[in-house]
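Chain by chain, the residues run as shown.
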Amino acid sequence: QVQLVESGGGLVQPGGSLRLSCVASGKIFNINDMAWHRQAPGKQRELVAIITRTGGTTYADSVKGRFTISRDNAKNTVSLQMNSLKPEDTAMYYCNADARPSLFSNIGHYWGQGTQVTVSS
């Protein structure tokens, strides 16, 4: 089974920075898209950023120019560099990956347990 574990969340002041990391482990043939989502209490979960296997990226309008998603295919990791953080960025951040355990397996959709990001003065 593929497992995802996030780290790097915490409390930061407005304008500060955090770097979130997510590592995938288990039986993995390859990982296709990897993404970060976030969800604040009482709100719908939203896509923050997505990165393809070959490095193509897409960002939510609310984070463009402030967040950068990256990945290391050799280490099966994805990161999210968050700069110029705002109070509205406060949420639980979840790592997501589309992965195949083997060449002949159906693709699976996997989620981490989440890491809390709180932006407050």
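Not measured: the values here are computed from a predicted model.

Caption draft 1: Structural view of the state of the cysteines. Applying the stated criterion across every chain, the model contains one disulfide. Between the sulfur atoms of Cys22 and its disulfide partner Cys95 the distance amounts to 2.2 Å. Between Cys22 and Cys95, the S-S dihedral sits near -80°, and the bridge is therefore left-handed. One end of the pair, Cys22, is in strand S3 (residues 18–25); the other, Cys95, is in strand S9 (residues 91–100), with 73 residues separating them in the sequence. Classification of Cys22 by relative accessible area gives buried; the value is 1%.

Caption draft 2: The packing of aromatic side chains, seen in detail. Counting across every chain of the model gives zero aromatic pairs. Lying across the ring of Tyr94, Arg45 places its NZ or CZ 5.6 Å from the centre. Here Arg45 stacks its cationic end above the ring of Trp111, 4.1 Å away from the centre of that ring.

Reading the values: rules and limits
- Once a new chain begins, its residue numbering starts again from 1 and follows that chain's sequence as written.
- Local features in a predicted model are, by the rule used here, given only for residues with pLDDT of at least 70; side-chain atom pairs are given and counted only at 80 or more, and totals for whole chains, interfaces and linings are based on all residues.
- Heavy atoms throughout the structure, all of them, feed into the side-chain values; hydrogens and water do not.
- Put simply, a disulfide is two cysteine sulfurs that come within 2.5 Å.
- Numbering goes from the N terminus for both helices and strands, where a helix is a DSSP run of H or I of at least four residues and a strand is a run of E of at least two.
- In this scheme, a residue with accessible area under 20% of its type's maximum is buried, one over 50% is exposed, and one in between is partly exposed, where area comes from a 1.4 Å probe on protein chains only.
- Between 30 and 60 degrees the pair is tilted, below 30 it is stacked and above 60 it is edge-to-face, where a pair is any two Phe, Tyr or Trp rings, Trp via its six-membered ring, whose centres lie within 6.5 Å.
- By definition here, charges over rings are those cases where NZ of Lys or CZ of Arg is within 6 Å of the ring centre and within 35 degrees of the ring normal.

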